[in-house]
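Remarks on the overall topology
Residues per chain, in single letters:
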Amino acid sequence: VDNLIDSVQSIQISDLSKINKKPPIKILNDTTIESVASFIKSEKCKNIIVLTGAGISVSAGIPDFRTPGTGLYDNLQKYNLPHPQAVFDFKYFITDPKPFFMLAKELYPGKFKPTPT
C-alpha cells in the first residue's frame, strides 16, 4: 500500500499534459436517459465510467460525511476513534477493523433504497 501511495504521489501534473487531446466524438443524439440506455445496449459501448460527487447517496438517506450534526464524521463517537476519518483509514483498519465493520453493517445495502442517481 505504501508503495502504491508513493507511486501515485510521484505523478506530476506535467505528466497529464502528455494525454492525447483529441476533440470529443459525439456518440449521443441527446442527453436523455433513454438515449444513454440505448447507447449502453448498443455494440458501440465498450466501457462505462461514472463520475459522481460527494453526496450522491444523500437522496437515499445515507448521510454525507461532513455536515455538522448530521454528517457521518460527526456521528462516529460510539466507535472511540482517534479521529473520524480513521474509520476509513487502512492503517487504522489493520490495527482495529471492528469500527469499519460495525459502520458497514449500519450502512449495508438493504437499509436504503436505490435512487435515480
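Residues numbered from 1 in each chain as written. Predicted model: local features only at pLDDT ≥ 70, side-chain atom pairs only at ≥ 80, totals over all residues. Heavy atoms only, no water.

Let's shift gears to the packing of aromatic side chains. The final tally for this structure, using the stated rule, is seven aromatic pairs. Judged by centre distance (6.3 Å) and plane angle (20°), the rings of Phe90 and Phe93 are stacked. Pair noted here: Phe90 and Phe93 are both in helix α4 (residues 90-95), with a separation of three residues, about one helical turn. Relative accessible area serves as the criterion here: at 46%, Phe90 is assigned to the partly exposed category. Each residue in the set Phe65, Tyr73, Phe88, Phe90, Phe93, Phe100 and Phe101 is aromatic and connected to the rest through ring pairs, giving one cluster. (Phe/Tyr/Trp six-rings, centres within 6.5 Å; stacked < 30°, edge-to-face > 60°. Helix = DSSP H or I, 4+ residues; strand = E, 2+ residues; numbered from the N terminus. Buried < 20%, exposed > 50% of the residue type's maximum accessible area, 1.4 Å probe, protein only.)

Here we take up the nonpolar core. Among the nonpolar cores identified, the biggest contains nine residues, and these are Leu72, Tyr73, Leu76, Tyr79, Leu81, Ala86, Val87, Tyr92 and Leu103. Setting aside anything within four residues of it in sequence, one finds Leu76 in contact with Leu81, Pro84, Val87 and Leu103. (Core = buried A, V, L, I, M, F, W, Y, C linked by side-chain atoms within 4.5 Å. Contact = heavy atoms within 4.5 Å.)

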